[in-house]
Each structure stands twice: as C-alpha cells, then as structure tokens.
Amino acid sequence: MGNTITEKILMAHAGLKKIQPGDLINAKVDIALGNDVTAPIAINEFIKAGGGKVFNKNKIALVLDHFTPNKDINSAQQCKKVREFALKQKITHFYEGGNVGVEHALLPEKGIVLPGDLIIGADSHTCTYGALGAFATGVGSTDLAAAMMTGEIWLKVPQSIKFIIYGKLRKWVSGKDLILNIIGRIGVDGALYQAMEFTGETISRMPMADRFSMANMAIEAGAKNGIFAADAVTKEYVKARAKRDYKTYSSDADAVYTDIIEINAAKIEPQVAFPHLPSNVKGISKAGKVRIDQSLIGSCTNGRIEDLRIAARILKNRKAASHVRLIVVPATPEIYRQSLKEGLLDIFMKAGAIISPPSCGACLGGHLGILAEGEKAVATTNRNFVGRMGHPKSEVYLASPAVAAASAVLGRIASPEEL
Amino acid sequence: MIFKGKVWKFGDNIDTDAIIPARYLTTSDPQELAAYCMEDADPDFVKKMTKGDIILGGENFGCGSSREHAPISIKAAGVSCVIAKSFARIFYRNAFNMGLPIFESKELFDAIQEGKEITVDSSRGTITITESDKIFKIDSIPPFMEELIADGGLMKHIARKREKNHGK
Ligand code: SF4
C-alpha cells in the first residue's frame, strides 16, 4: 500500500521504512520556531532541565512578532528574555525590531522553511508551511523546549483527508474563500488530528500566497497539518530563497485516505465567517447588512503583497467610510517596502487607512487595534472566537482582503461587486 | 491517580481564547494566569470553583492557539483534571507534556449536572458519579503517553532517558 506525502515526510524524518497512521514516532526536526509569547516558557523549561547548548543554532527560529513593538513593560520583559537567549545561543534566525515580520509570512519569505522539511512551531499556525510541501505543525512551549535540546519531536502519524478542488475561481474569490468554505463544510473539528491534503487543477493554478492562506487555516478545522505537493509554482517561489538543499514528495496513487472530498470551486462566492467560530460561514450574498467599526487587512493569513495589491485595487480612489477604522498591516518588512515602491501605501493612506508596522497586533487582540464592547470588525485573519480582537462582547467576521476592503468603503460587510 | 471534585460544565469548542484570553499573554507566571482562568467562557469561574474541582468539556476542548498558558492557568487555578468528549490536538499534547491530567469520555457530559461530584480513577479507567454510583469508562491512553505522565511530563521524561543512555 502506498503512502501520503505527510506519511513520507514523517517516515524520512523518523528514519523508518514503514509507517502507518496511529504510529507514535520520534522525528528529527529541520526547524523549530518560537515567538515572544511561547518562547519565554520554552526557555524557562530549557534552562530548568539544564539545557546547555541548543541542538543546532541554525535550526531554531525565534521571532518577536506578537506584542511588538513592545506593547508594555511585561511584553518588553518577555522579548528581553528571548533576545538574551538568542544572543547567548547565537541563534541564526532571530528576528526583532526592524527585521521582524509576522512569523508565518517571514519564514517562507526568507527561505528558512523549505519543501520536504519537518517543521514544528510553538504557534498553532505553523501549519502555514504545508503550502510549500513540508510537514509543519503547531506544538506547545514544552515541545519547543524539548526540540531545542534534542532536535526531535514525538508525533502521532495522522490519517489524511484528500481535497480535490476543480473549476475556475470566480472574480474576487481567493484561496481564503476556498478554505473558509471548506471549514464551513467540515466544521472546526472536521479534520481533528488529521492531515488535510489539497490537490486538483484549481490548486495547480493557485499562486503561493493563496496556498499559504489555505494551509494557514488547516488548524481551524482541527487538523494537525495542511499540505500541498510541491510543484513548479512552489519551486519558482523557493528558487531565489533557498540556501540549502530540499526534497520534494508526492502522495502515491494507492495512498490511503479517511475521506476524499471533491469541491467545485467555480460555485463558490466570497465567504464570510460570522462570530464566533471560523466554521460559521456564509456566502457574501447571504451576509445581510452588518455595520462594521473596523476593517483589518493583514496577519499571517492575508498580509502578503498579493493580498495588499488586491485591497489596493479596490481602495484606489475610494475612501473608507467615516465610521470605519481601516488598518493595513504589511506582514513583513519586505512586503512593507514593496508596497511602498508600488504606491500601495499611498493608496491606503488616501483611503484613510492606518498603516501598522509588521506585527500580529490586533489579530489576537494584543494591541494596535483593539475592539470596544459591542464593536464589529471584518478581518482577513483566521480566528473569530469570543474576545479574539478585544472586548468579549465584540465581534469578528473573517473574510478575504477583497471583502475587507470593500466593506471598509461601504461601512458594512460587502462584496467588491457592490462598488 | 484518583481525582475527586465537583464538575464545571462547558460546551463544545471551548477555545484557548476563552480559557486564557490573549490580553493576559504578556506574562507566563502561573499564579497570574490562574486568576483569569476560563474568563471569557465564564467570568466567575475562578471565584466559584474550589481546589480539586474538575472541568468537563464537550467536543474539541482547547481548540485554537498553541498557548501553553491555557493548561498552565487551569492547573494553577487548582483544577485537578479536565474531562471532555474530545480534545483539540495541541491542547492534548500540551496537557501531557506539562502534566495536567486529561481524560476523554463521550458519555459523562450528557449524564451529569453541573456542580455534582465525581471520582476519577485513572488506573482503573473509571469515572464514578458520587450521588448515583453510576460508572463510566475513560478511553485508554497510549503506553507512551502513560510513560510521559509517570515521568512527570516531557522534560523529565527526556532527562530520564538521557540518564539511562548515559548509564549504558
Ligand atoms: S498574525 Fe495572528 S494568527 Fe498569525 S501568528 Fe500572529 S497572532 Fe497568530
């Protein structure tokens, strides 16, 4: 019997010749990631266990992106702890200050994560890197501490669900809409403990930015990882970035899946996930008239240059409604600079937007755009749980950059078609 | 291990933002985190509960972020263990890695009212409702996970393994 791409990567990293779902394995890690929220706990554990030197200073990434630029004294202390550790251990991939970007946009951009890798991160959206054809999964701080010591991680081999996606995407419909639609179909635990493998002609034509958005939200269906086989599009993306060798894998024709779900993408309109679950999804035509107070375009889901270009196309020569705070967050310094060069920032500012530094910021209700009681926001982020962006009685509606931009202009949740 | 306490019921898909909201993530101090445990699911939880009580969740308990602050705040608040119909996977591994006992039971949730007392006997794999003497089975844990718990969490497990290899 054949193996899935996920099984093959795990097999290679565990040094095994055979593997099947349910097996508990010990696997070698190519990159272990932590941020300013999760790394401090990992560092404490590492020191408590007499950690000494990290297993490999080139295989650890520490990114201070959540409460930065430092929001308050506590967050400054957390960053200081990580910084001191990173400098002492001479960690190669340490990012802060003007070099920092939202981790899951930054690591692929810098070529730190590559196809065929096994990546763990003390951040649930580590699954984003599955877009490259890597096995990437979120773990906790203790896992990160253990991986920094030993270079290994214990994992249960997941079963896989295959999604075959065909048909041409309609205008203004993106990978974000597709993944919201899928989560709406299968629910927030629809892929619990499993791998979500995305294939089909729609995927082959899909640019990397959209693949990242899709893999990013695999966790919102409870999945262990989301994965796309590396193809010509992936290789083109990686070409200028990779500084080490990598390997590509694909699933065997006779690999075993718990489910195969076919989706006609041509039928999907822009999607909106209503509060308070990412699976609470409606097509934009059924969204009704939801007045918004804020529109947030950014995050590890949709803060890439392609996302900002789409938003700019809609916002050009238009203005955000007077009651809407429009916040644009380029996810990395490179994206920021590129937006500046292309004149996108100028378009955003003329539309009345606030341009935020690259940061997680408001996405997790950290800072730089918190909601008050009763306020509603449309956001290109990935979670709309109670209190996610501020007051427990505020609301978050998840959508694509196109919908977030159009909504900012009209002051309510809206499709770009309405402009 | 035996845990005895009152159950506090929460529904399906209790996410990590409800367990410990991100606004408190600028600290990792267990006692500070304990003060806000479950705040966005039930603002009075910490006031109502007593040490040793048990959290009872529905499906997909602990979904969302990877923050270990969630199991830390539950443990530090004095909750003895968490039982749910199912757990989100990162929460599941975090709980084992840091030594918060968690158990899966599909039946208990619908068979008990909030505030009633139960006894969990992990070695016998049973949950007993004190009032009615009704007994429920808990799903068994893979041997490797049992080892983790016996060693007192992942870091201690690794230390023990290292010592063993050293001795060879
Ligand atoms: S942008 Fe949001 S979802 Fe992404 S890593 Fe930051 S806080 Fe998490």
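Whatever comes next refers back to the structure up there.
These numbers come from a predicted model, not from an experiment.

To summarise the sheet geometry, strands pair through backbone hydrogen bonds and adopt either a parallel or an antiparallel arrangement. All names here are of chain B. As summarised here, the arrangement of the seven strands in space is S4-S3-S2-S1-S5-S6-S7, forming an open sheet in which the pairing is mixed. Across the chains shown, the open sheet's two edge strands, defined by having one partner strand only, are strand S4 (102-104) and strand S7 (135-137). Going from strand to strand, the sheet's axes swing by 30° on average, the running direction of each strand aside. In this sheet, strand S6 (residues 126-129) lies alongside strand S5 (residues 117-121) in antiparallel orientation, the contact comprising four bridges. Following the sheet pairing, Asp121 is matched in S6 by Thr126.

Let us look at a positive patch on the surface. All names here are of chain A. On the surface, Lys110, Lys243, Arg337 and Lys341 cluster together into a patch of positive charge. Among the structural elements, Arg337 can be located in helix H12 (residues 333-341). According to the relative accessible area criterion, Arg337 is exposed, its value standing at 53%.

It is worth spelling out the packing of aromatic side chains at this point. Counted by the stated rule, this structure contains 16 aromatic pairs over all chains. Pairing A:Tyr193 with B:Tyr92 gives two aromatic rings, centres 6.2 Å apart and planes at 70°, and the pair type is edge-to-face. Note that A:Tyr193 is positioned in the loop between helix H6 (175-186) and strand S9 (195-199) and B:Tyr92 in helix H5 (residues 89-98), a pairing that runs across two chains. By relative accessible area, A:Tyr193 is classed as partly exposed at 29%. On the basis of relative accessibility, which here comes to 17%, the residue B:Tyr92 falls in the buried class. Centre to centre, the rings of B:Tyr24 and B:Tyr36 are 3.6 Å apart; their planes meet at 5°, and the pair counts as stacked. Here the residue B:Tyr24 occupies a position in the loop between helix H1 (16-19) and helix H2 (30-34), and B:Tyr36 occupies one in the loop between H2 and helix H3 (45-48), the gap between them amounting to twelve residues. Connected via pairs of aromatic rings, a cluster forms that spans A:Tyr193, B:Phe61, B:Phe87, B:Phe91, B:Tyr92 and B:Phe96. A cation over an aromatic ring shows up here: A:Lys156 above the ring of A:Tyr193, its NZ or CZ 5.8 Å from the ring centre. Here the basic side chain of B:Arg93 rests over the ring of A:Trp154, its NZ or CZ set 4.1 Å away from the ring centre.

In this structure, A:Ser75 sits in helix H3 (residues 73-88). Leaving out residues up to four positions away in the same chain, A:Ser75 has contacts with A:Phe67, A:Asn70 and B:Thr26.

Residue and element names in this part refer to chain A. Summed over the entire model, instances satisfying the criterion amount to four cavities of 30 Å³ or more. Empty space within the largest cavity amounts to approximately 230 Å³. Along the wall of the largest cavity there are 24 residues; nearest its centre are His66, Asp123, His125, Leu364 and Arg388. Elements supplying a minimum of two residues to the lining of the largest cavity: helix H4 (103-109) and helix H10 (299-302). The class makeup of the residues in the lining of the largest cavity is eight nonpolar, ten polar and six charged.

Moving on, we come to helix H2 (residues 39-48) of chain A. All names here are of chain A. For H2, the buried fraction is high: seven of the ten residues fall into the buried class. Looking at H2, one finds that the buried residues are Ala39, Pro40, Ile41, Ala42, Ile43, Glu45 and Phe46. Of the residues one or two after H2, Gly50 is the one with positive phi, at around 70°.

Let us look at the packing of H2(A) against helix H5 (residues 141-150) of chain A. Residues and elements named next belong to chain A. One can describe the packing of H2 onto H5 by two numbers: an axis separation of 8 Å at closest approach and a directional angle of 50°. Taken together, the axes of H2 and H5 lie oblique to each other. Once H2 is placed against H5, the crossing between them reads as right-handed. Contacts between H2 and H5 involve Ala39, Ile41, Ala42, Glu45 and Phe46 on the former and, on the latter, Ser141, Thr142, Leu144, Ala145, Met148 and Met149.

At the junction of the two partners, chain A supplies 48 residues and chain B supplies 40 residues. When chain A packs against chain B, the two sides together hide about 3500 Å² of surface, and 59% of this comes from carbon and sulfur. At the boundary of chain A with chain B, the tally comes to two salt bridges. Residue A:Asp143 is joined to B:Arg93 by a salt bridge in which the shortest nitrogen-to-oxygen separation is 2.8 Å.

All names here are of chain A. The strand order across the open sheet formed by five strands is S4-S3-S2-S5-S6, and the pairing between neighbours is parallel. Only two strands of the sheet have a single neighbouring strand rather than two, namely strand S4 (93-95) and strand S6 (135-138). Going across the sheet, the axis of each strand differs from the next one's by a mean of 10°, ignoring polarity. In the packing of H5 onto the sheet, the strands contacted are strand S2 (31-35), strand S3 (60-63) and strand S5 (118-121), and the crossing angle to S2 comes to about 135°.

Residue and element names in this part refer to chain A. Alignment of strand S14 (residues 294-297) against strand S15 (residues 325-328), held across four bridges, turns out to be parallel. Directly across from Ile297, in S15, lies its bridge partner Val328. With two bridges joining them, S15 and strand S16 (residues 354-355) adopt parallel strand pairing. Note on S16: the bridge partner recorded for Ile327 is Ile354.

The full set of residues close to the ligand is A:His66, A:Val102, A:His104, A:Asp123, A:His125, A:Ser299, A:Cys300, A:Cys360, A:Cys363, A:Leu364, A:Asn382 and A:Arg388. When atom positions are compared with the pocket grids, the ligand is found to occupy the largest cavity.

Parameters at a glance
- Residues numbered from 1 in each chain as written.
- Chains lettered and ligands numbered in written order.
- Predicted model: local features only at pLDDT ≥ 70, side-chain atom pairs only at ≥ 80, totals over all residues.
- Heavy atoms only, no water.
- Pairing = 2+ DSSP bridges.
- Helix = DSSP H or I, 4+ residues; strand = E, 2+ residues; numbered from the N terminus.
- Axes fitted to C-alpha atoms, helices over the stretch in contact; angles between N-to-C directions.
- Patch = residues over 30% accessible without salt bridge, like charges linked within 9 Å, V, L, I, M, F, W, Y side chains within 5 Å.
- Areas by Shrake-Rupley, 256 points an atom, 1.4 Å probe, with all protein chains shown as cover.
- Salt bridge = Lys/Arg side-chain N within 4 Å of Asp/Glu carboxyl O.
- Lys, Arg positive; Asp, Glu negative; His and termini not counted.
- Charge placed at Lys NZ, Arg CZ, Asp CG, Glu CD.
- Buried < 20%, exposed > 50% of the residue type's maximum accessible area, 1.4 Å probe, protein only.
- Phe/Tyr/Trp six-rings, centres within 6.5 Å; stacked < 30°, edge-to-face > 60°.
- Lys NZ or Arg CZ within 6 Å of the ring centre and 35° of its normal.
- Contact = heavy atoms within 4.5 Å.
- 1 Å grid on protein atoms, 1.4 Å probe; cavity = no way out; pocket = protein on both sides within 12 Å on 5 of 7 lines; lining within 4 Å.
- Points joined across faces, edges and corners; volume = space filled by probe spheres on them.
- Nonpolar A, V, L, I, M, F, W, Y, C, P; charged D, E, K, R; others polar.
- Parallel < 35°, antiparallel > 145°, perpendicular 65-115°, else oblique.
- Left-handed = near helix turned anticlockwise from the far one by under 90°.
- Buried area = accessible area lost by both parts, 1.4 Å probe.
- Near = heavy atom within 4 Å.
- Sits in = over half its atoms within 2 Å of the grid points.

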